[in-house]
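Each chain, letter by letter, is given below.
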Amino acid sequence: MACMKLGSKTDAFQRQGQAWFCTTGLPSDFVVEVGEMSFHLHKFPLLSRSGAVERLYAETSEQGEEGCVINLPDIPGGAKTFELVAKFCYGVKLELTSSNVVYLRCAAEQLQMTEEYGEGNLIAQCETFLNQVVLRSWKDSLKALQTCDDVLLYAEELNITKRCIESLASKACTDPNLFGWPVMEHSGPMQSPGGSVLWNGISTGARPKNSSSDWWYDDVCTLSLPLYKRLISVMEARGIKQDIIAGSLTCYAKKYLPGLNRRQGAGESSNRLAPAAMGAPPSEEDQKLFLEEIDRLLPMQKGLAPTKFLFGLLRTAMILRVSPSSISSLEKRIGMQLDQATLEDLLMPNFSYSMETLYNVDCVQRILEHFLAMDQVSGGASPCAVDDGQLIGSPSLTPVTMVAKLIDGYLAEVAPDVNLKLPKFQALAAAVPDYARPLDDGLYRAIDIYLKSHPWLAESEREQLCRLMDCQKLSLEACTHAAQNERLPLRIVVQVLFFEQLQLRTSIAGCFLVSDNLDGSRQLRSGLAGSNEGGWATAVRENQVLKVGMDNMRMRVSELEKECSNMRQEIEKLGGRTKGSSTWGNVSKKFGFKLKSQMCSAQAESVSNQNNGNVKVEKSKDRHGKHKKNSSHND
């Protein structure tokens, strides 16, 4: 730490309890009382340096009292600082440091220790030390600014606080890799302007390590919130990047809000939870005010603050019950970057007194609404074309799709909560746009878990809940599970079976088309280019794989047709009707199928009319034709 020694005499002061005595052999002329401490001094050393002491001594002497006593209750820095002032007046060696120079400068101003009362007086000495030593050093400027908290009114009048903040801001805004000297002396050895490390002023030729733009984060965390706010404001005025400001605010908040470090290990706990000026961890009320200030200081821009940090702020804000405006602001910030969140982030406990649900579902829905609103404004949520239930790929839909998957996972996590009401579950599930879900498997899983955890739901409520998912957007695996799911309403099971059969037949038709194309391409290659053993062997293997897949799908189609037949018979019994063809048509209309059943027959005919490729393919088609006739006969 930089320092300066003043005077040359040895220390002639002795303390006895709450009194200081000057042991010069001469009796003291008067007593100066500073707080509970009494200083027994001589008038000439002090009167020759301090205009205020001279005036007070004259006023006291005019009253004709014995034993002149001067009272200085408001001296900046208290008795400790006045002791240094008295020693300076007596010519004792005085060491100026960044820790005491602010106190001494403010005390010297109040005592009127100007050049009129002696050349090189204390005011001039302190100003020289401040300008030439303290303000040129990052560490000394920071330490001096910390001490301004104790004498803030005096430091403000003397412009000390502003000068220290300007010094720190200019150094923090400087690129440490471009100007390594003297900005980086806080974290390593001194460097020359050329960048080499100095040893006793001599260049060693060694190069310092590169420093990132966040090198000052931990240091400014020792400042009180008012001084920190002023420092950040000056930095913003100087044009520092918003992401750097957000990074500093994140680091500063973690020092003051213990709730943000709830997963932090015991060995990683911070030693500077509160700055030295506060002396103890902040109270809940202080944390509440602090969190609201951090929210106001954070730039409202996507991606500047980590999403996990924002969720931590929101969770802490709910615990501390901060103002609704601050909670709403944090929800908007999270909504702007919800696609960067994880499922663990969304699982926020419900801190309300009612404790209706285990997790705060309402908060997640508000965050989702903010995300969708921002996405609409940015143009990323415009619906795109849908072809056979499949989304046409679009990079702008990636964030929306990620959020849809995240919400489906969240619904599955909160579904087992027996206190979660059906309208609240439906509202969150329906808030996700249809185009954001390429598949509804995640939504089906969440609905199934909710039905399992709420077995008392009426049939109408079950149907209402299941209408949230589109059966055409279920994968084959999900359709297989849903077709055997006893918790689903009968109406939904019939739709699932219909669309599953349609998917399988469409897949078989595609396999036949691929097989015919392979056979035709082989004949063309054989006639034009001769035999190609490597390519022919690969094609044969591919054809075998396709045939195995088609056989498996035929078996599944047969099973599904049997299930559909049984289902049709059950429906006829319920409806009291006897004509199979008319009943099946009425059932198709009743259950709201978007595609007519004739589509299956049309696709089967298109498959059977394909050109013959080879003998094996013809046999497979004949078998498929017979199977299809049996199916149509049953229909």
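Scroll up to find the structure.
Starting from 1, residues in each chain are numbered consecutively following that chain's sequence as written. Residues qualify for local features only when their pLDDT is at least 70, as the model is predicted, and side-chain atom pairs are given and counted only at 80 or more; totals for whole chains, interfaces and linings, by contrast, use all residues. Note that the side-chain values use all heavy atoms of the structure and ignore hydrogens as well as water.

> Could you clarify how one ought to interpret the pattern of salt bridges in this entry?
Charged atoms that come close allow side chains of opposite charge to pair. Salt bridges are defined by distance alone: a side-chain nitrogen of Lys or Arg within 4 Å of a carboxyl oxygen of Asp or Glu. By the definition in use, this model includes 18 salt bridges. Two residues, arginine 163 and glutamate 127, come together in a salt bridge whose shortest N-O distance is 3.1 Å. Taken as a pair, arginine 163 in helix H8 (residues 160-172) and glutamate 127 in helix H5 (residues 122-132) lie far apart in primary sequence, 36 residues in all. Residues arginine 487 and aspartate 448 are paired through a salt bridge, measuring 2.9 Å at the closest nitrogen-oxygen approach. In this pair, arginine 487 sits in the loop between helix H21 (476-483) and helix H22 (490-529) while aspartate 448 sits in helix H19 (residues 441-453), placing the two residues 39 residues apart along the sequence. Helix and strand definitions follow DSSP, with helices as H or I runs of at least four residues and strands as E runs of at least two, each counted in order from the N terminus.

> Help me understand the packing of helix H18 (residues 422-431) against H19 in this model?
A pair of packed helices is characterised by two quantities: the angle between their axes and the separation of those axes. Here H18 crosses H19 at 175 degrees, and the two axes come no closer than 12 Å. Classified by the interaxial angle, the pair formed by H18 and H19 is roughly antiparallel. For the pair formed by H18 and H19, the contact residues are Leu422, Phe425 and Ala429 on the first element and Leu443, Ala446, Ile447 and Tyr450 on the second. Amino acids are sorted into nonpolar (Ala, Val, Leu, Ile, Met, Phe, Trp, Tyr, Cys and Pro), charged (Asp, Glu, Lys and Arg) and polar (every other residue, Gly among them). Tallied by class, the residues present in the contact of H18 with H19 amount to 7 nonpolar, no polar and no charged. Think of each axis as a best-fit line through the C-alpha atoms, taken over the contacting stretch in the case of a helix, with angles from 0 to 180 degrees between the N-to-C directions. Roughly parallel here means an angle under 35 degrees, roughly antiparallel means over 145, roughly perpendicular means 65 to 115, and every remaining angle is called oblique. It only takes one pair of heavy atoms within 4.5 Å for two residues to be counted as in contact.

> When you look at the sheet that holds strand S5 (residues 37-41) in this model, what are you seeing that I'm missing?
The strands making up a sheet associate through backbone hydrogen bonding, with each pair oriented either parallel or antiparallel. Two strands are said to pair when DSSP picks up at least two bridges between them. The 5 strands lie next to each other as S2-S3-S5-S4-S6, forming an open sheet whose pairing is mixed. Single-partner strands in this sheet number two, and they are strand S2 (13-16) and strand S6 (68-71). Each adjacent strand pair in this sheet contributes to an overall mean axis angle of 20 degrees, direction not counted. Here strand S4 (residues 30-34) runs beside S5; their pairing, made up of 5 bridges, is antiparallel. Each bridged residue has a counterpart across the sheet, and for phenylalanine 30 the counterpart in S5 is leucine 41. Docked against the sheet, helix H2 (residues 51-62) engages S4 and S6, running at close to 135 degrees with respect to S6. Together, S2, strand S3 (19-22), S4 and S5 form the strand contacts of helix H3 (residues 78-89), whose direction differs from that of S5 by roughly 10 degrees.

> Just checking my understanding: could you explain the nonpolar core for this structure?
General note: in soluble globular proteins, nonpolar side chains tend to be found buried as a group. Put simply, buried Ala, Val, Leu, Ile, Met, Phe, Trp, Tyr and Cys residues joined by side-chain atoms within 4.5 Å make one nonpolar core. Relative accessibility under 20% of the residue-type maximum defines a buried residue, over 50% an exposed one, and the middle range a partly exposed one, all with a 1.4 Å probe and only protein chains included. Core analysis: the largest hydrophobic core is formed by 154 residues, its most contacted members being Leu41, Phe82, Trp216 and Leu313. Take this core: its biggest share by element is 9 residues, from helix H17 (residues 398-414). For tryptophan 216, the contacting residues outside a window of four places in its chain are Trp138, Ala172, Met235, Ile240, Ile244 and Ser248.

> Is there a simple way to explain the packing of aromatic side chains in this structure?
The geometry of an aromatic ring pair is captured by two quantities: the separation of the ring centres and the angle between the planes. Side-chain rings of Phe, Tyr and Trp, where Trp is taken by its six-membered ring, are said to pair if the distance between their centres is within 6.5 Å; with planes under 30 degrees apart they count as stacked, over 60 as edge-to-face, and otherwise as tilted. If you walk through the whole model with that rule in mind, you get 9 aromatic pairs. A centroid spacing of 5.0 Å and a plane angle of 65 degrees characterise the contact between phenylalanine 39 and phenylalanine 82, whose relative ring orientation is edge-to-face. With a gap of 43 residues between them, phenylalanine 39 in strand S5 and phenylalanine 82 in helix H3 connect regions that are remote in the sequence. Residue phenylalanine 39 shares its accessibility class with phenylalanine 82, and that shared class is buried. Here the aromatic rings of tryptophan 138 and tryptophan 215 are separated by 4.8 Å at their centres, their planes lie at 65 degrees, and the arrangement is edge-to-face. With tryptophan 138 in helix H6 (residues 138-147) and tryptophan 215 in the loop between strand S9 (202-203) and helix H9 (217-220), this pair connects stretches of sequence that are 77 residues apart. Taken as a pair, tryptophan 138 and tryptophan 215 share a single burial class, namely buried. One aromatic cluster is present, built from ring pairs that chain together Tyr228, Tyr252, Tyr256 and Phe290.

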